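Now for the letters of each chain:
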Amino acid sequence: MAKGSESKKRIGVMGGTFDPVHLGHTGVAEAALIEAELDEVIFMPAYIQPFKQDRYVADGSDRFKMLELATIHDDRLKVSSWELEQETVSYTYDTICHLIEEENYKDIFFLMGSDSMMQLERWMHGEDLLKICNFVVGLRPTNVRKQVKEEAKRLSDTYGTKIVLLEKTMLPISSTIIREKVSEGQPIAGLVSPLVEEYIYANELYI
Ligand code: ATP
Ligand code: MG
């Protein structure tokens, strides 16, 4: 597709470590396609997540392949290897600037869970990020909707950004729980897509 045509799309970008991707992540993307009327969502796995620099994370190629498997059923869900290719700490602000300046995207919605939104101003260039894109936020059951709603309003009022808080509450799933379960030999069916589950076992991840 010609790069110029990207400008007309309402596009979602979801960043994260995705170690591994689970049904909570795809749930945010699927709800955002409907509730925020997005045309597509690009999953953008981080090479190194700024807040997880001291932690062991699965190889980028494994995390990327699991994302491909988790999104194979829906053409509107894409995966980008751009942050992985940079081979440096991944700052969302740099990624969004790249998409705007080099890929010609105009209407970008950054997708995140409510735990991330509550920390957004502490991100590198967080305040600038709040000025250059809009946000779609999925409520994680670990946060209280009223508090998240108030923080979303404060951020919108302060930075003039649009923040869509999804109506649907997201699933109580985290990658941490999945890694723990796999290492303890407990089942993870219903937490990740069956293809991702198969990939984790076939490649002996998280044991
Ligand atoms: P970890 O437990 O390793 O931190 P995680 O499940 O939080 O993993 P991340 O890769 O850290 O996943 O998160 C990427 C993005 O997805 C973040 O914005 C996070 O808030 C969001 N997210 C993760 N799980 C959920 C969920 N169950 N519901 C809604 N958003 C989620
Ligand atoms: Mg997390």
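Preceding this paragraph is the structure being described.
Quick caveat, the model's predicted, so the values are computed rather than measured. (Residues numbered from 1 in each chain as written. Chains lettered and ligands numbered in written order. Predicted model: local features only at pLDDT ≥ 70, side-chain atom pairs only at ≥ 80, totals over all residues. Heavy atoms only, no water.)

1. What to know about the nonpolar core
Part 1 of the argument: By size, the foremost hydrophobic cluster in this structure holds 33 residues, and its most contacted members are Leu38, Val41, Phe43, Met66, Leu111 and Ile200.
Part 2 of the argument: Residue assignment for this core shows that the elements contributing at least two residues are helix H1 (23–35), strand E2 (40–45), helix H2 (60–70), strand E4 (107–113), helix H8 (175–183) and helix H9 (194–202).
Part 3 of the argument: For Leu111, the residues in contact, after removing those within four places along its chain, are Gly12, Val13, Met14, Gly15, Val28, Ala29, Ala32, Leu38, Val41 and Val136.
Part 4 of the argument: Residues Cys97, Leu120, Leu129 and Cys133 belong to the second largest nonpolar core, which totals 27 residues. (Core = buried A, V, L, I, M, F, W, Y, C linked by side-chain atoms within 4.5 Å. Buried < 20%, exposed > 50% of the residue type's maximum accessible area, 1.4 Å probe, protein only. Helix = DSSP H or I, 4+ residues; strand = E, 2+ residues; numbered from the N terminus. Contact = heavy atoms within 4.5 Å.)

2. So, the layout of surface pockets
Part 1 of the argument: Size it by volume and the largest pocket reaches roughly 840 Å³.
Part 2 of the argument: Every residue lining the largest pocket is counted, 40 residues in all, and those nearest its centre are Gly16, Gln49, Lys52, Asp115 and Ser116.
Part 3 of the argument: Listed by contribution, the elements that provide at least two residues to the lining of the largest pocket are strand E1 (10–16), H1, helix H4 (92–101), E4, helix H5 (114–117) and H8.
Part 4 of the argument: The element that contributes the greatest number of residues to the lining of the largest pocket is E4, accounting for four residues.
Part 5 of the argument: Classifying every residue of the lining of the largest pocket by side-chain character gives 17 nonpolar, 15 polar and eight charged. (1 Å grid on protein atoms, 1.4 Å probe; cavity = no way out; pocket = protein on both sides within 12 Å on 5 of 7 lines; lining within 4 Å. Points joined across faces, edges and corners; volume = space filled by probe spheres on them. Nonpolar A, V, L, I, M, F, W, Y, C, P; charged D, E, K, R; others polar.)

3. Points about the pairing of E4
Part 1 of the argument: In terms of burial, E4 is a largely internal element, six of the seven residues being buried.
Part 2 of the argument: By the bridge criterion, five bridges tie E1 to E4 in an arrangement that is parallel. Bridging from a neighbouring strand, Arg10 pairs with Asp107 of E4.
Part 3 of the argument: Relative to strand E5 (residues 134–139), E4 runs parallel, the two sharing five bridges. Within E5, the residue paired with Met112 across the bridge is Val137. (Pairing = 2+ DSSP bridges.)

4. A short note on the packing of aromatic side chains
Part 1 of the argument: Evaluated as defined, the whole model comprises three aromatic pairs.
Part 2 of the argument: Their ring planes at 80° and their centres at 5.7 Å tell us that Phe18 and Phe43 sit as a pair that is edge-to-face. Here Phe43 lies in strand E2 and Phe18 lies in the loop between E1 and H1, a separation of 25 residues in the sequence. Phe43 matches Phe18 in its accessibility class, with the two residues each being buried.
Part 3 of the argument: Judged by centre distance (6.2 Å) and plane angle (90°), the ring pair of Phe110 and Trp123 falls under edge-to-face. Residue Phe110 is located in strand E4, and its partner Trp123 is located in the loop between H5 and helix H6 (126–132); the two are separated by 13 residues in the primary sequence. Grouping residues by exposure puts Phe110 and Trp123 together as buried.
Part 4 of the argument: Three or more aromatic residues joined by ring pairs make a cluster, and in this case those are Phe110, Trp123 and Phe135. (Phe/Tyr/Trp six-rings, centres within 6.5 Å; stacked < 30°, edge-to-face > 60°.)

5. Quick look at the site of ligand 1
Part 1 of the argument: As a structural note, the neighbourhood of ligand 1 is formed by 23 residues, with His22, Asp115, Leu171, Ser175 and Thr176 the closest of them.
Part 2 of the argument: His22 is positioned with one of its side-chain polar atoms (N or O) 2.8 Å from an oxygen atom of ligand 1.
Part 3 of the argument: Taking Ser116, its side chain carries an N or O atom lying 2.9 Å from an oxygen atom of ligand 1.
Part 4 of the argument: Applying the majority rule of atoms within 2 Å of the grid points places ligand 1 in the largest pocket.
Part 5 of the argument: Residue assignment for the shell around ligand 1 shows that the elements contributing at least two residues are E1, H1, E4, H5 and H8.
Part 6 of the argument: Across the shell around ligand 1, the residue classes tally to seven nonpolar, 11 polar and five charged. (Near = heavy atom within 4 Å. Polar contact = N/O pair within 3.5 Å; in protein donor to acceptor, adjacent residues only side chain to side chain. Sits in = over half its atoms within 2 Å of the grid points.)

Remember, this is a structural readout, not a statement about activity or role.
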